[in-house]
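Now for the letters of each chain:
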Amino acid sequence: MSGKRAEIDVSSVPLNMRMGFNDARMTKKRAGAGFKIVHGVPVEKPATVHRVSRGEEEFSTMMRSRKLGETFKSAELTRAATKLPPHVRDTRKVLRFNAYFLEPVHESAEENHRTRSITILFYVEDGTLQLSEPKEENSGLMQGTFVRRHKCPKPGGAGGFVGLTDLVVGADIKLYGRTMRIIGCDGFTREFCHERGIEQPEDIPAPFDAYSTTRAALKARDTGADSEIFRGKKMNPLKKFMEASLGRAGGGRDTLSKFLENDGKVLRFYGLWDDRDSVYGDRLLFRIHYFLADDTMEILEVYQPNSGRDKFPALLKRQPLPKKVLFSDDRARGCEEDVGSEDYYNEDDLAVGKYLNVLGRNILLYDADAYTKEWYKAVKGLDFSDSVVDVEEKAPPPVEVPPPPPTGFGSEEDSLGSFKYLVPKPPKKDWVKLMENEGKVLRFVAKLANPRPIDVKRRFIIGFSLADDTLSVFEPPVRNSGIVGGKWLASGKYKNPDTGEYVVAGDLYVGGTVTLKGQQLVIESADEYSLKVMEGTAHVWPLSQIDFVLNNLKLKMREHSVTARRMFRTIDKDFSGFITLDEFNQALRKWGMTVPKQALVTLMRHYDTSGDGRISYSEFCDAFLEKEDEGGVSVVARVKGKTFSDAELKSYLAKSVEVELSDPERLHLEDLLSRFSFVFQSRNGEQAIREEFRKFDTNKDHTVDREEFRAAMGGGIGQGHFNLNEHDISVMEKVFFHDGLEKLDYEAFMSVLRHHAERTTH
């Protein structure tokens, strides 16, 4: 035996057999010093030699021996030769036989007997029997253990117990009053009986059972018993119930991989539920969390401070959210319709801008957080940046409480002081206005607007104080009128019921109306002091300014094509050379011009230098004529500040004459001009033509192009006044659009027609 210890690999040896042996792979080798000191000189250490024990060497020899298998076999034969007790030799050996018995049915028209299947289990170790009946769905029978495990005595009082020799395929066995026929056994039972010298015949088929066959067909049709064949049902509800009762409560989906991949990933949406259309409804905000790990959702309410609502933790606890809630007849029968994953909301059904049906509540997903937007863009390719819905409501305007009516004590400002302030304050006064207008009172003479016959001669003096905007009305007494004069209205501030505002200084002028004390008063005149104050305050009384009155009056005269000479001759019917204010006002109304009476008063005060209430011809010409020569009044047309004089008009006519026209066209042009002259002499004829041109003058520059000119001549002008055809319009266009002119000043065109009309008249 070598003194050197051999290394043995015992990794394949059971642990309980390694006692006394060391595994070379598991031996911890200590690294010792490589040298030792001998007499002061370092000497190399010899290598450590592992010594093999006697037991290790014998075990190694046995493991290398080729007769190791023979050794184990001989040991097994030795054990087999040893006689063991039956409870040890035949332990856990169970023989299985299939049998049936017929049970009579007396109360059914469909069957007279029913075949009931029985499984017979024979325990070899102690010769006991156990009978069980396989459970059938919806059978209505107490199935399961039919006879508990015990030794069953033989029938007929013969003594003894049912043994293995009594259990043969095809034989009948009678137990406890029921005769059962054995129709088959399993493979282990057949082999075991063969070793014991008991031959088992071949299995025989079970007898036909009409009721069981009919029930199986109904089950296959109604519930889809075969899971591989789709019959309108996703899964057999009875099978699902049985699997759940046996411990498989969940579905068949593999959710582990989904959980491991998406654990901790939560999508967050912001929702709005507007239920204000229903009774006691409200506008509520929610946070919707979608858990990608298990496709569940939770909906949390966003609590609004001072909302008056209780702070509920959640509208929906974490759970799968169905798209719709169905209550079908399956619930009444005790089995529910199976619901698949497609009937629940998932990440593909959620998007910003869509509605989420939460158990009948339509919640708008108006926004999402940054992580959710990035996840959808990276995984689904959806961009929610442009889908965000603005659900912020603007704050309603503050409710304006109308002030209550005055209390009657003091002025209205005094009553408003107690309404606006907790501690009433006296109304503020404009002290600058009081100091500048102290003692300034305007007086007007007024009459009733719609008087009764008895009130025709009643007159009222309206006094208006410029210092504090108060007015008072005094009625002068009239003898034998039956009306007592005196103070008609006390001094104070009064509102005009037509406007709801206080009467101010600008509301009082000659010709104006004011409503006081329920009566409408018309102002007839004012005293000299009041007129001078009005003329010196242009921003309050513009009708008292002569420049403003003249410019507006001249504009009206041009619009109505009325010359100053013609107007004066119309007014001065007696050829006295003077006109009064009333005659001038009546003439203006005759020509269709309405001028306020205050403007006429201003005009008379400015140009009636003699003070006799009349305007002479020279005064009238100074007011309305812009140029006067020997021939009388020239034809003037103002367009955007440009004046067309007689010389310019003749130059324009000369250019028109230079246009090359044939003799028939020239005669035709003269005929057209004569027709225009006739219309110009009629009332409002020139104004009608001007208004037609203004319809096409969109930019208000008093010009029209060729198309606009043809449209105007072919529209209201050509059809309503002259009956122009296309040839007539072409001749007019050729004459007036000369030298390549693209824009025609229709005021100049009107001046040419007016000049031709006056020439034919004279």
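Counting restarts for each chain: residues are numbered from 1 in the order of the written sequence. With pLDDT at 70 or above as the cut-off, local features in this predicted model cover only qualifying residues; side-chain atom pairs require 80 or more to be listed or tallied, and sums for whole chains, interfaces and linings still use all residues. Neither water nor hydrogens contribute to the side-chain values; these are computed over all heavy atoms in the structure.

S.K.: Help me understand the overall build of the protein chain, please; the structure alone is not making it clear to me.
M.R.: The way it works is that DSSP assigns letters per residue, a run of H or I at least four long becomes a helix, a run of E at least two long becomes a strand, and they are numbered from the N terminus. For the protein chain, the helix and strand inventory stands at 23 helices and 30 strands. Any residue under 20% of the maximum accessible area for its type is buried, any over 50% is exposed, and the rest in between are partly exposed; the area is computed with a 1.4 Å probe on protein chains only. Scored against the burial criterion, the 762 residues of the protein chain give a buried share of 33%. Residue contacts follow a heavy-atom distance rule, with two residues in contact if any of their heavy atoms lie within 4.5 Å. Considering only contacts in the protein chain between residues 6 or more positions apart, those separated by 24 or more positions represent 52%. Accessible area of the protein chain: about 49,900 Å², with a carbon and sulfur share of 53%. Here the Shrake-Rupley method, with its probe set to 1.4 Å, supplies the accessible areas, and only the displayed protein chains count as covering residues.

S.K.: Which parts of the structure should I look at to understand the pattern of salt bridges?
M.R.: Once the charged atoms of two side chains with opposite charge are near each other, the side chains can pair. A side-chain nitrogen of Lys or Arg and a carboxyl oxygen of Asp or Glu constitute a salt bridge if their distance falls within 4 Å. Counted under the stated rule, the structure contains 31 salt bridges. With a closest N to O distance of 3.3 Å, Lys373 and Asp367 form a salt bridge. Several salt bridges share partner residues, and in doing so they unite Arg89, Asp90, Lys93, Glu195 and Arg196 into one network.

S.K.: When you look at helix H9 (residues 370-380) in this model, what are you seeing that I'm missing?
M.R.: For an α-helix, the turn length of 3.6 residues means that residues three or four places apart are oriented alike. Along H9, the residues classified as buried are Thr372, Trp375 and Tyr376. Looking straight down H9, one finds its buried side chains confined to an arc of 95 degrees; they lie on one side. Within H9, the exposed residues directed more than 90 degrees away from the buried face are Ala370, Glu374, Lys377 and Ala378. Looking at the packing, one finds that the buried side of H9 touches strand S9 (266-274) and strand S14 (361-368). A positive phi of about 75 degrees marks Gly381, the residue just after H9. Throughout, the arc means the angular range of directions from the helix axis out to the C-beta atoms.

S.K.: Looking at this structure, I do not really get unusual backbone geometry. What am I missing?
M.R.: Only a minority of non-glycine residues have a phi that is not negative, and only a minority of peptide bonds are not trans. In the Ramachandran plot, Asn306 falls in the positive-phi region, its phi being about 60 degrees despite a non-glycine side chain. Inspection of the secondary structure assignment puts Asn306 in the loop between strand S11 (296-301) and strand S12 (316-319). Residue Asn306 is classed as exposed on the basis of its relative accessible area, which comes to 81%. Even without a glycine there, the phi angle at Asp469 is positive, about 55 degrees. One can find Asp469 in the loop between strand S16 (460-465) and strand S17 (470-475).

S.K.: Explain empty space enclosed by the protein to me, please; I cannot follow it from the model alone.
M.R.: Gaps left between atoms are located by rolling a probe of water-molecule size over the structure's atoms. Using a 1 Å grid laid over the protein atoms alone, points where a 1.4 Å probe fits but cannot get out form a cavity; open sets with protein on both sides within 12 Å along at least 5 of 7 lines form a pocket; any residue with an atom within 4 Å of a point counts as lining. Grid points are joined across faces, edges and corners, and a volume is the space filled by probe spheres set on the points. Scanning the entire structure with this criterion turns up one cavity of 30 Å³ or more. By volume, the largest cavity is sized at about 40 Å³. Every residue lining the largest cavity is listed: Pro404, Pro405, Pro406, Glu412, Ser415, Leu416 and Phe419. Classification used: nonpolar for Ala, Val, Leu, Ile, Met, Phe, Trp, Tyr, Cys and Pro, charged for Asp, Glu, Lys and Arg, polar for all others including Gly. Partitioning the lining of the largest cavity into residue classes produces five nonpolar, one polar and one charged.

S.K.: How should the confidence of the model for the protein chain be read in this particular structure?
M.R.: For residues with low pLDDT, the predicted coordinates do not support detailed interpretation. Looking at the protein chain, pLDDT values average 76 and 69% of them are 70 or higher. On a scale of 0 to 100, pLDDT captures the predictor's confidence in every residue. Contacts from residues 1-6, a stretch scored under 50 in pLDDT, to residues over four places away or in other chains number 17 contacts. Throughout residues 230-234 the model reports pLDDT below 50, and contacts reaching past four residues in sequence, or to other chains, amount to twelve contacts.

S.K.: What's the story with the side chain of Thr470 in this structure? I'm lost.
M.R.: Note on placement: Thr470 falls in strand S17. Judged by its relative accessible area of 14%, Thr470 is buried. Side-chain atoms alone can form a polar contact between residues adjacent in sequence; in general such a contact is a pair of N or O atoms within 3.5 Å, and within protein one must be able to donate a hydrogen while the other accepts it. In terms of polar contacts, Thr470 uses its side chain to reach the side chain of Asp468, at 2.8 Å. Apart from residues lying up to four places away in sequence, Thr470 is in contact with Gly463, Phe464, Ser465, Ser491, Gly492 and Lys493.

S.K.: Would you take a moment to explain the packing of aromatic side chains for this structure?
M.R.: Between two aromatic rings, the relevant description is the distance of the centres plus the angle of the planes. The criterion for an aromatic pair is that two Phe, Tyr or Trp rings (for Trp, the six-membered ring) have centres within 6.5 Å, with stacked assigned to planes under 30 degrees apart, edge-to-face to planes over 60 apart and tilted to the rest. Overall, the coordinates contain seven aromatic pairs when judged by the stated rule. Both rings, one in Tyr270 and one in Tyr366, keep their centres 6.4 Å apart while their planes meet at 35 degrees; by these two values the pair is tilted. Taken together, the positions of Tyr270 in strand S9 and Tyr366 in strand S14 put the pair 96 residues apart, joining distant regions of the chain. Both rings, one in Phe460 and one in Trp488, keep their centres 5.1 Å apart while their planes meet at 55 degrees; by these two values the pair is tilted. Taken together, the residues Phe460 in strand S16 and Trp488 in strand S18 (residues 486-492) connect sequence positions 28 residues apart. We classify Phe460 as buried; its relative accessible area is 1%. What makes Trp488 buried here is its relative accessible area of 14%. Through successive ring pairs, a cluster of aromatic residues spans Phe269, Trp375, Tyr376 and Phe384. In this structure, Lys151 is placed above the aromatic ring of Phe161, and the distance from its NZ or CZ to the ring centre is 5.9 Å. Any Lys NZ or Arg CZ found within 6 Å of a ring centre and within 35 degrees of that ring's normal is scored as a charge over the ring.

S.K.: Help me understand the sheet that holds strand S4 (residues 113-123), please; the structure alone is not making it clear to me.
M.R.: Backbone-to-backbone hydrogen bonds join strands into a sheet, with any given pair of strands oriented parallel or antiparallel. The criterion for strand pairing is that DSSP finds at least two bridges linking the strands in question. With respect to topology, six strands assemble into an open sheet ordered S6-S5-S4-S3-S8-S7, the strand pairing being antiparallel. The open sheet has two edge strands, strand S6 (144-150) and strand S7 (172-175), and neither has a second partner. On average, each strand axis in the sheet is tilted by 30 degrees relative to the strand beside it, whichever way the strands run. As paired elements, strand S5 (residues 128-133) and S6 share four bridges and run antiparallel to each other. Looking at the pairing, Leu131 lines up with Val147 of S6. All axes are obtained by fitting lines to C-alpha atoms, using only the stretch in contact for helices, and the reported angles, taken between N-to-C directions, cover 0 to 180 degrees. Lying over the sheet, helix H4 (residues 187-195) contacts strand S3 (94-104) and strand S8 (178-185), oriented at roughly 115 degrees with respect to S3.

S.K.: I tried to follow the sheet that holds S16 on my own but got confused; where do I start?
M.R.: The antiparallel open sheet is built from six strands, whose spatial order is S18-S17-S16-S15-S22-S21. The open sheet is flanked by S18 and strand S21 (513-516), the only strands paired with a single partner. Each strand of the sheet is rotated relative to its neighbour by a mean of 30 degrees, with strand direction disregarded. As paired elements, strand S15 (residues 441-448) and S16 share six bridges and run antiparallel to each other. When the sheet's bridge partners are listed, Arg443 is paired in S16 with Gly463. Running at roughly 110 degrees to S15, helix H12 (residues 528-535) makes contact with S15 and strand S22 (519-526) of the sheet.

S.K.: What's the story with the nonpolar core in this structure? I'm lost.
M.R.: Note on soluble globular proteins: their nonpolar side chains tend to be buried together. The nonpolar core is taken to be a set of buried Ala, Val, Leu, Ile, Met, Phe, Trp, Tyr and Cys residues, with the residues joined through side-chain atoms within 4.5 Å. Among the nonpolar cores identified, the biggest contains 26 residues, and Phe444, Ile462, Val473, Leu508, Leu516 and Leu521 are the most heavily contacted of them. Those elements that place two or more of their residues in this core are S15, S16, S17, S18, S21, S22 and H12. For this core, the leading source of residues is S15, giving four residues. Setting aside its immediate chain neighbours within four residues, Leu516 contacts Leu471, Val473, Trp488, Leu489, Tyr494, Val503 and Leu521.

S.K.: Hey, could you run me through the pairing of S15 in this one?
M.R.: It is a general feature of regular strands that their side chains alternate between the two faces of the sheet. Two strands pair when backbone bridges link them, and S15 and S22 are joined in this way by five bridges, in the antiparallel orientation. Bridge pairing links Phe444 to Ala526 in S22.

S.K.: What should I look at first to understand the packing of H12 against helix H16 (residues 597-607) in this one?
M.R.: Geometrically, a packed helix pair is captured by the angle between its two axes and the distance between the axes. Axis separation between H12 and H16 bottoms out at 12 Å; the angle between their running directions is 95 degrees. One way to sum up the angle between H12 and H16 is to call them roughly perpendicular. From H12, Glu528, Leu531, Lys532, Met534 and Glu535 reach across to H16, where they touch Gln598, Val601 and Arg605. For the contact of H12 with H16, the per-class residue count stands at three nonpolar, one polar and four charged. Here the angle decides the label: under 35 degrees means roughly parallel, over 145 means roughly antiparallel, 65 to 115 means roughly perpendicular, and every other value means oblique.

S.K.: What's the story with the state of the cysteines in this structure? I'm lost.
M.R.: Disulfide: a covalent bond connecting the sulfur atoms of a pair of cysteines. Cysteine sulfur pairs qualify as disulfides if the two atoms are within 2.5 Å. Under the criterion given, the structure shown has zero disulfides. Free cysteine: Cys185, not disulfide-bonded; nearest cysteine sulfur from Cys193 at 6.6 Å. Overall, Cys193 belongs to the buried group, its relative accessible area being 0%.

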